[in-house]
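Residue-level structure breakdown
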Amino acid sequence: MKKQLLIVSALACNFVNTNLFSQEKKEKIESLEEVVVTATKFETNKKNIGKIVYKITQETIENSRGKSIVDLLNDVPGVEINGNFSTRGQNLGYYIRGGRNRQVAILLDGVNVNDPSSFNGDFDLRQLDINQIERIEVLKGASSTLYGTGAATGVINIILKKASKNSFSGTFNSSVGTNSSSENNRFAADEISTNFNFNGTLGKLDYLFALNGNGSKGLSAAEKIGNKEFEEDVFSRQNMLLKLNYSVNNKFKIGVLTSIDEFSTDFDAFDFDPISFASIPADKDNNLESFQKRFAVNADCSYSKGELKLRTFYTDIKRTETPSNDFFKGEVLCFDIFNNYKFTNEISLLTGFTAQFQDMIQRTSFSTIEEGKGKQHFYDPYISVNYNSSFGFNLNAGSRLNIHNEYGSNFVFNINPSYNFTINNNLIKVFTSYSTAFVTPTLSEIFTKLPSIGELLPEEDITIEGGFDITLSEKFNINATYFYREETNKIGYDPTTFQTINDLGTFLARGFETEVNFKMNSKLSFLANYTHINRDENLLLKIPQNKFFIKADYKLTNSTFTSLSYRYVDETTDFGNVSLDAYNLVDFFLNHSLLDGKVTFYGSITNIFNENFQEIAGFTTRGRNYSLGLNIKL
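Here we summarise the structure given alongside this text. Residue numbers restart at each chain and count upward from 1, following the sequence in its written direction. Only residues with pLDDT of at least 70 get local features here, since the model is predicted, and only at 80 or more are side-chain atom pairs given and counted; chain-wide, interface and lining totals rely on the full set of residues. Hydrogens are left out, water is left out, and the side-chain values use all remaining heavy atoms of the structure.

**As for the pairing of strand 19 (residues 368–388)**
Heads up, the condition is: Pairing between two strands is assigned when DSSP locates at least 2 bridges connecting them. Counting from the N terminus, the helices are the DSSP runs of H or I reaching at least four residues and the strands are the DSSP runs of E reaching at least two.
Sheet topology note: the strand 18 (residues 347–363)/strand 19 ladder contains 16 bridges and is antiparallel. Across the sheet, glutamine 356 pairs through a bridge with phenylalanine 378, a residue of strand 19. Turn length for the strand 18-strand 19 hairpin, with the two strands adjacent in sequence and antiparallel, is four residues. Note: strand 19 against strand 20 (residues 393–404), nine bridges, orientation antiparallel. Along strand 20, the bridge assignment pairs phenylalanine 378 with histidine 404. Where strand 19 folds back onto strand 20 in an antiparallel hairpin, the turn is made up of four residues, including glycine 392, whose phi is positive at roughly 105 degrees.

As structure tokens, then:
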């Protein structure tokens, strides 16, 4: 940990001393004038928000061709996506600020999406393709006031691409790459991806139509034992997305979105040794097939003093596992209607109402939930006040009431003041917040709980945070956030009865995260971030205490972009008290454009030094791999 702190400090000092104060013009950094939506649910300048909102822009996505959504999220401080460096079919763990999957709200165009048929109720990011994404906003901390259940440690808002103003525009993207472990570096085309994207505007109608398919083979999910080779586990995925928007006039717009996602993956498991009581990785002929349909209707209405928005979403999910024949089916219908009214240039009021209806069927060897037996619904009225003064003081405060048909009601609130000021034309923002959040039990947990448990309670969280965001010039920015979080009624698992319970007591998580951005000149820029997580030892499974990431972007020419990154992930512990060593990864990305950017060739080398590591005990990780791709703008 000390070593990583020294590295971050040295980088920051070096940047400041050698380049910063030589700048003649000192202006507010452009990023603070950027508009974000996740922190307030409507467009707001970052400088008026008492949080650090991390934004993965379209420029970042285009300069990182070959990376997935999960790859880019893994670069954000405070975010650890466990399973990302394993086989493509590996289940993913979303660990934000020491939390777990159920404590992260994932949004699609601002709507909270989830899978009611899964044990954690989480959304599978493997369902989305990076080529369909305009940008991603990551907001950390308790955010249940605006986004309800699951927004206990963070919110990931994935915003889909907008249509071109031309009548027709489109892209074709295809890539091929290797997929090997560090112990078996074979050079073969084991990963293939193809994407078509067509969009445009025809009068008052704009459209987006996207098709994607990708596949992966070559690796076994479970790591081989001794000289015995395990069979490769194949992953394949297909996706279709259609988005239509009709502008009735310049004040009112209505849109629909529909998508179909299907993937199939082989996966392995463990055998239990009755003598040593150890779980031993085993080569299994297991397969998971998932089929998901989504349909949404949205409406936006603007008027002189504000905006009224409606967001609806219907999801139908089916998952089947063989040879066990385990079957899961989930349906969720939700809508969110909210209005932002601007009383003055300084004060606005957001009021909203959310409802969600969930249903599931589950048939496994451990438990069964028959059709019509696994239902829940809840209604959430909420309110949020935003005050942005002319002298730099900002305040966001709000509350939400969750009314649930199974356990009654739950009240959450937040208060988030911040203050902007300048010293020698350098912009400084300081902020703090006190927020509460909740996580509702999933359908699987509610309807398979122990008979002795009369009621499974929602998890409740309290988060206190404080930090700063300093802009010393157009070219240099540094931010840092300290957080403290308490969990009560934690939703846990009883290994003796294989059932869900509420763990007694209060569980703590605390830490800090910092990021430095430095643009040395028009060609060279640096990004470095560091995260420290400290929480109860028994809750630190797969969550590294220290994580460091640094990236250098360099434009060789106006049409050639390169990126070199280094990642350090601290040692962790997995189930069964298995120790996993720390690891270091170095990656290189390059893209070159031709014909005024209409054709782009890109490539990458990941895990350049072929580091041998594990992020999940007993499961394979990828070693040094190569990829090449082509993007054509039509």
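**Brief notes about the nonpolar core**
Filter applied, for reference: To qualify as a nonpolar core, a set must consist of buried Ala, Val, Leu, Ile, Met, Phe, Trp, Tyr and Cys residues joined through side-chain atoms within 4.5 Å. Note on exposure labels: buried denotes an accessible area under 20% of the residue type's maximum, exposed denotes more than 50%, and partly exposed covers the range between, all computed with a 1.4 Å probe on protein chains only.
Counting residues in each nonpolar core, the largest one holds 37 residues, and the members touching the most others are Leu73, Ile106, Leu125, Ile133, Ile136, Ile156 and Ile158. Here this core takes four residues from helix 3 (residues 69–73), the largest share from any one element. Formed by 14 residues, the second largest nonpolar core is a distinct cluster that contains Val36, Val53, Leu107 and Val155.

**Examining the sheet that holds strand 8 (residues 133–140)**
Hydrogen bonds between backbone groups are what pair the strands of a sheet, and the pairing can be parallel or antiparallel. Counted only if it meets this: The axes used here are C-alpha line fits, helices contributing only the stretch in contact, and every angle between their N-to-C directions lies in the interval 0 to 180 degrees.
Pairing in this open sheet of five strands is mixed, and the strands run 3-8-9-6-7 from one edge to the other. In the strand order of this sheet, the two ends are held by strand 3 (53–56) and strand 7 (111–113), each with one partner. Each neighbouring strand pair of the sheet contributes to a mean axis angle of 25 degrees, computed without reference to strand direction. In terms of strand pairing, strand 3 meets strand 8 through four bridges, oriented antiparallel. From the neighbouring strand, isoleucine 56 faces strand 8, where its bridge partner is isoleucine 136.

**Some thoughts on empty space enclosed by the protein**
Basically, it comes down to this: Whether a set of points on the 1 Å grid over the protein atoms alone is a cavity depends on a 1.4 Å probe fitting there but being unable to get out, while an open set qualifies as a pocket with protein on both sides within 12 Å along at least five of seven lines; lining residues are those with an atom within 4 Å of a point. Grid points are joined across faces, edges and corners, and a volume is the space filled by probe spheres set on the points. As a working rule, the residues Ala, Val, Leu, Ile, Met, Phe, Trp, Tyr, Cys and Pro are called nonpolar, Asp, Glu, Lys and Arg charged, and the rest polar, with Gly in that last group.
Under the criterion given, the structure shown has eight cavities of 30 Å³ or more. The calculated volume of the largest cavity comes to roughly 250 Å³. Taken together, 24 residues line the largest cavity, and the ones lying closest to its centre are Asn114, Asn120, Gly121, Asp122 and Thr149. For the lining of the largest cavity, the secondary structure elements donating two or more residues are strand 6 (104–108) and strand 7. No other element matches strand 6, which puts three residues into the lining of the largest cavity. Across the lining of the largest cavity, the residue classes tally to ten nonpolar, eleven polar and three charged.

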